[in-house]
Amino acid sequence: MGLVKRAGCAAALGAVLLLQGGVGLPVPARAQAVATRTFDIESQPLGSALIRFSESTGIQLFFDASLARGLQSPGVVGAFTPPDALSRLLSGSGLVFRFTNPTTVTLAREPSPAGAAVGTVQLEKVQVTAARPETATGPVSGFVARQSATATKTDTPLLETPQAVSVIGREQMQNQNAQSVADAIHYTPGTTSNAGTVDSRFDTIRVRGFLAPLYLDGLILPSGTTQFGRIRPDPFGLERVEILRGPSSALYGQIPPGGMLNLVSVRPTETPVHTVELQGTTFGQLQGAVDLGGKLTDDGSFLYRFTALAHGGGTQIDNTGDNRWMVQPALTWKPDSDTTLTLLGQFQRDVNGVATQFLPATGTIWPNSNGTLPASAFLGDPNDNSFQRSQWWLGYQLEHRFSDSFIARQNLRYASVDTNLAAVIASGLAANQRTVSRITYSVPESAQNWTLDNQAQLKFATGPLKHTALLGFDYVWSGGQTRQGIGTAPALDIFNPVYWQPIKQPSITTISGQRQNQYGAYLQDQIAVDHWRLTLSGRNDWVDTLTQNFVANTQTSQAVSAMSGRAGLNYVFDFGLSPYVSVANSFQPTIGTDFSGNALQPTTGRQYEVGLKYQPEHGNYSANLAFYKLIQQNALSADPAHPGFNVQSGEVTVQGVEVDAAASLAKGLNLVGSYTFTDAKITQSTGADLGSQVATQPQHQASLWSDYTFQDGRLRGFGLGGGVRYVGDSWGNAPNTIFIPGYTLFDAMMSYDLSNLNDRMKGAKLVLNATNLADTRYVTTCSNAMGCFYGASRLVTLTMRYSW
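Rules and cut-offs
- Along each chain, the written sequence defines residue order, and numbers are assigned to residues from 1.
- Whole-chain, interface and lining totals are the exception, using all residues; otherwise, since this is a predicted model, local features are given only for residues with pLDDT of at least 70 and side-chain atom pairs are given and counted only at 80 or more.
- Remark: hydrogens and water are excluded; side-chain values derive from all non-hydrogen atoms of the structure.
- For Phe, Tyr and Trp, where Trp contributes only its six-membered ring, two rings pair if their centres lie within 6.5 Å, and the inter-plane angle classes them as stacked under 30 degrees, edge-to-face over 60, or tilted in between.
- By the criteria applied, helices consist of DSSP H or I runs no shorter than four residues and strands consist of E runs no shorter than two, each listed in order from the N terminus.
- A simple rule labels every residue: compare its accessible area, found with a 1.4 Å probe on the protein chains alone, to the largest value its type can have, and call it buried under 20%, exposed over 50%, or partly exposed in between.
- Only C-alpha atoms enter the line fits that serve as axes; for helices the fit covers just the stretch in contact. Angles between N-to-C directions range over 0 to 180 degrees.
- Here is the rule for angles: anything less than 35 degrees is roughly parallel, anything more than 145 is roughly antiparallel, 65 through 115 is roughly perpendicular, and the remaining ranges are oblique.
- In this analysis, two residues are considered to be in contact whenever any of their non-hydrogen atoms come within 4.5 Å of each other.
- The residue classification treats Ala, Val, Leu, Ile, Met, Phe, Trp, Tyr, Cys and Pro as nonpolar and Asp, Glu, Lys and Arg as charged. All others, Gly included, are polar.
- One speaks of a salt bridge when a side-chain nitrogen belonging to Lys or Arg is within 4 Å of a carboxyl oxygen belonging to Asp or Glu.
- To obtain the arc, one takes the directions from the helix axis to the C-beta atoms.
- Paired strands are those between which DSSP finds at least two bridges.
- The disulfide criterion used throughout: a pair of cysteine sulfur atoms within 2.5 Å.
- Excluding any residue in a salt bridge, patches collect residues exceeding 30% relative accessible area, merging like charges within 9 Å and nonpolar Val, Leu, Ile, Met, Phe, Trp and Tyr side chains within 5 Å.
- Each accessible area value is a Shrake-Rupley result obtained with a 1.4 Å probe; residue values ignore everything except the protein chains displayed when judging cover.
- Throughout this description, a polar contact denotes any pair of N or O atoms lying within 3.5 Å of each other; where both atoms belong to protein, one of them has to be capable of donating a hydrogen while the other can accept it, and for residues adjacent in sequence the pair is counted only when both atoms sit in side chains.
- Remark: nonpolar core denotes a set of buried residues (Ala, Val, Leu, Ile, Met, Phe, Trp, Tyr, Cys) joined through side-chain atoms within 4.5 Å.
- Confidence scores labelled pLDDT are given residue by residue by the predictor and lie between 0 and 100.

1. Structural notes on the packing of aromatic side chains
Per the stated rule, a full pass over the model turns up 22 aromatic pairs. With 6.3 Å between their ring centres and 40 degrees between their planes, F202 and F228 make a pair best called tilted. Here the residue F202 occupies a position in the loop between β13 (191–193) and β14 (205–207), and F228 occupies one in the loop between β17 (219–220) and β18 (238–245), the gap between them amounting to 26 residues. Among the residues examined, F202 registers a relative accessible area of 8% and is labelled buried. Both rings, one in F378 and one in Y499, keep their centres 5.4 Å apart while their planes meet at 50 degrees; by these two values the pair is tilted. Taken as a pair, F378 in the loop between β24 (339–352) and β25 (385–401) and Y499 in the loop between β28 (465–493) and β29 (510–529) lie far apart in primary sequence, 121 residues in all.

See the structure below:
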């Protein structure tokens, strides 16, 4: 809905409205010449009808607050110019209007019959401002996004994007109480997360069967070679989580064929943001958070955003804590109307235990004569149970508009993460099915990267064809170092554990490092003619990698280049339906050599996708359907003639169907649902996994969430919601010898706007969330007989949120 701002009186704002004239006041010629529009504003209170008019036209309305009280508008339906539509909305109200400029209208009472002019009147001022059009980096309206830049690097309607894209906005993350990025994608098609909230180390997310890299604001985040050294952004600092499904090397370079996640940071905004929240959970976790933003100067040339949180307490795993503090400042400078510079930074410190427990299959998915392990089982030792992370980044986004048709952008960021894992891990189960042997494991790791992306965007026409051309050059430098040590630890009775045993820290035996440079040049043209939208993207990459073994004092280098492309076509009907077809490919360097010493070639991927998107212009709902076939080639496979080496004869084929729908209706109802069918198989291999399903990938997934907030009556301000998530059967390992049963989980939410109890509590809201409401015990995956992992247990969270 539009934003209505009330301010005591015009004098207090330094504004006095002079309203003169009567029925038939002249309208400026430019306003009269506005093209006819289609209106669909039903009969309703005049105030809300005027908001709908402002939203659909972008025209601002100024009037005395008392004028619209108690009045009903007959509405307006059909094709009219804005002046004609406004006349119909005001019919019978006794009000008249006058355009003071092409985008501003003032309202007043109809003059007396004597025609006496209305004198100078000091009024209570009401400004009705149309909701700002959604941008690719701005807030999402409820659960339904319309714009994204992840698939195209330009601010493009999702309806015109020839590839499957999902967007989870801040409101949806709040309503569903996402505690991590992995939590945020629970109701999204084509994605899986094996650990979710349980894993405090990192978010493991797969898209269309492949591990997805993590981007932030369009730039890749650093990731260590062991996967422990990863940045983990907190959802509280995010405006959006966007999932691009399918190959995207045509714009981003080296990337897996399944897709990617792009996180969008909260940014400075002209609209004031003031939110404080306190939160507590049934695991004894307490959190405080603050989100502040708005203008630093009266003219809006400087804007700020400051987001921070701190939490600490327990987890579902015994003897394992989770503690974090985070600050995330942002500053925007607008020296003129054509230039914007935004600084974005973050620092986060995590001091946790290792919540991920390596559990035996016997006692989790297989029977154990001694019973079943609980979801809280801890097989380590409090003497050696730590995972610490320090992460930070700092960068800027610069944009200058040289003209309405030419824009230049530059995005730069440095990011760094240091992690240190020290844990005792179960490594084998004795014949009595209750005693496990254990090892100590220590992995300090660091990873950093510099990322730079330069873009030039040009809009032009060639005859009937309208072009949005994008020329870009990006550079990524990444580096990191890993140390590893493995030692022995005392055995443990998993059904009667005795902790605080003497644990000796292992000696570091492996020290390795890696540095990589990636240079990429890309070109894209988005062509529009009539209802057709053609997207053509192409890119060339040059990647050189240096891998070092500091213990053996050896190093290997590798240099590859690759070309990638994408072509997609949409036909956008006037009523909001958009069929599309696309083909895209990807590449990823593969580090290492074969038996003959030849450098391994990059893996490559190609996808064919057809689908339908539906999103009407005047409705806040959408639906999507995608069919795809994806083939990855040059995958590693065991060399049958030379054990310990690999050949690149492997192939993985993934094909499937994805359906999703979302709606945020004006009367307090949100809906989101999805269904995914994924057939992921190893179609070429020299090993025993030939013909097997890809490990950890279920064939069937489905989800549905709905929440509703009562708008009137005794229950006004009370919200109720819930969801169901189904994850089908899967296999835990490549040979498909460990079967993982599917599971169904239920979530719930209740909220109450406390201003309905007392006006002095305006802005205060109480929210109660429960995930896995039935406390279902389930296994997400088992990589081997001693590598099974439980999913998240029931978590109940109470949040007190205050916004002003």
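2. Structural notes on the packing of helix α2 (residues 46–57) against helix α3 (residues 82–89)
The N-to-C vectors of α2 and α3 enclose an angle of 170 degrees; their axes lie 11 Å apart at closest approach. The angle between α2 and α3 places the two elements in the roughly antiparallel class. Facing α2, whose interface residues are L46, A49, L50, F53 and T57, α3 presents P82, A85, L86 and L89. The residue makeup of the contact of α2 with α3, split by class, is eight nonpolar, one polar and no charged.

3. Details of the pattern of salt bridges
A full pass over the atoms with the stated rule returns 23 salt bridges. Two residues, R170 and D291, come together in a salt bridge whose shortest N-O distance is 3.4 Å. You can see R170 sitting in helix α4 (residues 170–175) and its partner D291 sitting in strand β21 (residues 286–295), a full 121 residues away along the chain. The exposure class of R170 is buried, given its relative accessible area of 12%. What you see here is one network of salt bridges that share partners, running through K153, D453, D474, R539 and D541.

4. Focus on α3
When we look at burial in α3, the residues that qualify are P82, P83, A85, L86 and L89. Mapping the buried residues of α3 onto a view down its axis gives an arc of 160 degrees, with all of them on the same face.

5. A few points about the pairing of strand β34 (residues 621–638)
In the sheet, strand β33 (residues 603–614) pairs with β34 via 11 bridges, with the strands oriented antiparallel. Directly across from K613, in β34, lies its bridge partner N624. Here β33 folds back onto β34 in antiparallel fashion, the turn holding six residues. Pairing of β34 with strand β35 (residues 646–665) involves 16 bridges; the strand directions are antiparallel. Its bridge partner being in β35, I631 is matched across the sheet by T653.

6. Regarding the state of the cysteines
Under the defined criterion, the tally for this structure stands at one disulfide. Each disulfide pairs two cysteine sulfurs, and for C782 the partner residue is C788, the sulfurs being separated by 1.9 Å. Residues C782 and C788 share a disulfide whose torsion about the S-S bond is about 115 degrees; that sign makes it right-handed. As far as burial versus exposure is concerned, C782 and C788 are alike and both buried.

7. Brief notes about the sheet that holds strand β12 (residues 165–169)
The strands making up a sheet are joined through hydrogen bonds of the backbone, oriented either antiparallel or parallel. Taken in spatial order, the five strands make up an open sheet running β12-β18-β19-β16-β17, and their pairing is mixed. Because the sheet does not close on itself, it has two edges, and the strands there are β12 and β17. The pairing of β18 with strand β19 (residues 259–265) spans seven bridges and is antiparallel. Within β19, the position partnered with E242 by the bridge is N262.

8. Quick look at the pairing of strand β30 (residues 532–549)
Remark: a regular strand shows side chains that alternate across the two faces of the sheet. By the bridge criterion, 18 bridges tie β29 to β30 in an arrangement that is antiparallel. Looking across to β30, one finds that L523 is bridged to G538. Where β29 hands over to β30, the hairpin turn is made up of two residues, of which D530 adopts a positive phi near 55 degrees. Where β30 lies against strand β31 (residues 554–571), 18 bridges are found, and the strand directions are antiparallel. Residue pairing for β31: V543 is matched across the bridge by V560. Here β30 folds back onto β31, and the loop between the two strands holds four residues, one of which, N553, carries a positive phi near 60 degrees.

9. Some points on a nonpolar patch on the surface
Judged by side-chain polarity, L278, L720, M750, L766, L768, L798 and M800 come together as a nonpolar surface patch covering roughly 580 Å² of accessible area. Put simply, the parts of the chain that give the nonpolar patch at least two residues each are β42 (764–771) and β45 (795–803). Counting through the fold element by element, M750 comes out in strand β41 (residues 743–753). A relative accessible area of 37% means that M750 is categorised as partly exposed.

10. As for unusual backbone geometry
Unlike most non-glycine residues, N177 shows phi in positive territory, near 55 degrees. Locating N177 in the fold gives a position in the loop between α4 and α5 (181–184). Residue class for N177 comes out buried when judged on its relative accessible area of 9%. One non-glycine residue, N319, lies in the positive phi region at around 60 degrees. Following the sequence through the fold, N319 ends up in the loop between β22 (302–312) and β23 (322–336). With a relative accessible area of 40%, N319 lands in the partly exposed category.

11. Re the sheet that holds strand β15 (residues 210–211)
Pairing is antiparallel across the open sheet formed by three strands, whose spatial order is β13-β14-β15. Two strands close off the open sheet at either side, each with one partner strand: β13 and β15. Here β13 pairs with β14 via three bridges, running antiparallel. Across the sheet, T192 pairs through a bridge with R206, a residue of β14.

12. What about the side chain of Q524?
Tracing the sequence through the fold places Q524 in strand β29. The class for Q524 is buried, based on a relative accessible area of 1%. A polar atom in the side chain of Q524 sits 2.9 Å from the backbone oxygen of T152. Excluding residues within four positions of it along the chain, Q524 makes contact with A151, T152, T154, L251, T468, A469, L470, T535, L536, S537 and R566.

13. A short note on the nonpolar core
With 23 residues, the main nonpolar core has V241 and L261 as its most contacted residues. Ignoring any residue separated from it by four or fewer positions in sequence, one finds L261 in contact with V181, I185, I205, V207, A212, P213, L214, Y215, V241, E242 and I243.

14. Observations regarding the confidence of the model for the protein
Parts of the prediction with low pLDDT should not have their coordinates interpreted in detail. On average, residues of the protein score 88 in pLDDT, and 92% of them reach the 70 mark or higher. Low pLDDT (under 50) marks residues 1–33, which in the prediction has 64 contacts with non-local residues, meaning those over four places away or in another chain. Taken as a whole, residues 115–130 scores under 50 in pLDDT and shows 58 contacts with residues more than four places along the chain or in a different chain.

15. Regarding the environment of D689
When you line up the elements, D689 lands in the loop between β36 (669–684) and β37 (700–709). Linking D689 and A734, residues 45 residues apart in sequence, is a C-alpha distance of 5.6 Å. In contact with D689, other than residues within four places in its own chain, are I682, A734 and P735.

16. What to know about the environment of A149
Mapped onto the elements of the fold, A149 is located in the loop between β10 (147–148) and β11 (156–157). Using a relative accessible area of 23% as the deciding quantity, one classes A149 as partly exposed. Between the alpha carbons of A149 and A136 there is a distance of 5.5 Å; along the sequence they are 13 residues apart.

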